[in-house]
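A look at the structure
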Amino acid sequence: MSHFVLGVVAQQKGRCEEALAAFRRAEELKARHKRAVILTLHAKVGDCLARLGREPEAEAEFRKEIELNPRGAEGRTGLAALLRSQGRDAEARAVMADLGVTDPGASADAYWTVVHTLDVLGDVQAA
């Protein structure tokens, strides 16, 4: 977790290359401990990759986050923002809509995340 935290701090300071190195180290160490879970790791890697213009890699990381944590919002919001920036609006809407669909007991917070994210991305009609 210490490498993950160092990555988060570097990411927040806009030092994405440094953050990626820390996140990759956290991922290496996590692989040694099969039961260890680091929620949002792949979403944070995806965010850094997107900021560095490495969009295909970023998309893969966001999708990995969604696969590992289908009820989590960070992977979906990151992927939706990336897709929207590429003009893939229908895909962005679908990614966010799935947040409520994947969890039959989705909370009001999950639905608020969907609406808020789409609104922030400028897709008011979908929101």
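Located above this text is the structure these notes cover.
Let me sum up the structure you'll find in this document. Everything quoted here is computed from the prediction, not taken from an experiment. (Residues numbered from 1 in each chain as written. Predicted model: local features only at pLDDT ≥ 70, side-chain atom pairs only at ≥ 80, totals over all residues. Heavy atoms only, no water.)

1. So, the overall build of the chain
To keep it simple, the criterion reads: A run of DSSP states H or I qualifies as a helix once it reaches four residues; a run of E qualifies as a strand once it reaches two. Both are numbered from the N-terminal end. When checking whether two residues touch, look at their non-hydrogen atoms; a contact exists if any pair is within 4.5 Å. Using a 1.4 Å probe, the Shrake-Rupley method yields the accessible areas, and only the shown protein chains count as cover for residues. The convention is simple: Lys and Arg are positive, Asp and Glu are negative, and His and the chain ends are not counted. By convention, charge coordinates are those of NZ in Lys, CZ in Arg, CG in Asp, or CD in Glu.
Assigned secondary structure in the chain consists of seven helices and zero strands. Secondary structure elements of the chain occur, N-terminal to C-terminal, as α-α-α-α-α-α-α. Each principal axis of the C-alpha distribution contributes one length, and for the chain these read about 40 × 30 × 20 Å. Sequence separation of 24 or more characterises 43% of the internal contacts of the chain that already satisfy a separation of 6 or more. Only carbon and sulfur atoms are counted for the fraction: they give 54% of the accessible area of the chain, which is about 7300 Å². The distance from the centre of the 18 positive side-chain charges to the centre of the 19 negative ones in the chain is 6 Å.

2. Section: the nonpolar core
Rule in force here: Only buried residues count toward a nonpolar core, which is a set of Ala, Val, Leu, Ile, Met, Phe, Trp, Tyr and Cys residues joined through side-chain atoms within 4.5 Å. Each residue gets one of three labels from its accessible area relative to the maximum for its type: buried under 20%, exposed over 50%, partly exposed in between, using a 1.4 Å probe on protein chains only.
If you look at the biggest cluster of nonpolar residues, it comprises 29 residues, and the most contacted ones within it are Phe4, Phe23, Leu41, Val45, Cys48, Phe62 and Leu79. Secondary-structure elements contributing two or more residues to this core are helix H1 (2-12), helix H2 (16-31), helix H3 (41-51), helix H4 (55-68), helix H5 (74-85), helix H6 (89-101) and helix H7 (108-120). When residues no more than four places from it in sequence are discounted, the contact partners of Phe62 are His42, Ala43, Gly46, Asp47, Gly75, Gly78, Leu79 and Leu82.

3. Here's the deal with the packing of H2 against H3
We count it as follows: Axis angles are defined between N-to-C directions and span 0 to 180 degrees, where every axis is a line fitted to C-alpha atoms and, for a helix, only to the segment in contact. What sets the label is the angle itself: under 35 degrees gives roughly parallel, over 145 gives roughly antiparallel, 65 to 115 gives roughly perpendicular, and the rest give oblique. Crossings are classed by handedness, with left-handed meaning an anticlockwise turn of the near helix from the far one by less than a right angle and right-handed meaning a clockwise turn.
It is at 10 Å that the axes of H2 and H3 come closest, and there the two elements cross at 150 degrees. One way to sum up the angle between H2 and H3 is to call them roughly antiparallel. The handedness of the crossing between H2 and H3 is left-handed. Contacts between H2 and H3 involve Cys16, Ala19, Leu20, Phe23, Arg24 and Glu27 from the former and Leu41, His42, Lys44, Val45, Cys48, Leu49 and Arg51 from the latter.

4. A look at H1
Helical periodicity: at 3.6 residues per turn, an α-helix aligns residues three or four positions apart in one direction. Just so we agree on the cut-off: The directions from the helix axis to the C-beta atoms are what the arc is built from.
If you check which residues of H1 are buried, you get Phe4, Gly7, Val8, Ala10 and Gln11. Buried residues along H1 cover an arc of 165 degrees about the axis, so they all sit on one side. Those residues of H1 that are exposed and angled more than 90 degrees off the buried face are Ser2, Leu6 and Gln12. Of the surrounding elements, those touching the buried residues of H1 are H2 and H3. Once H1 ends, the next one or two residues include Gly14, with phi positive near 80 degrees.

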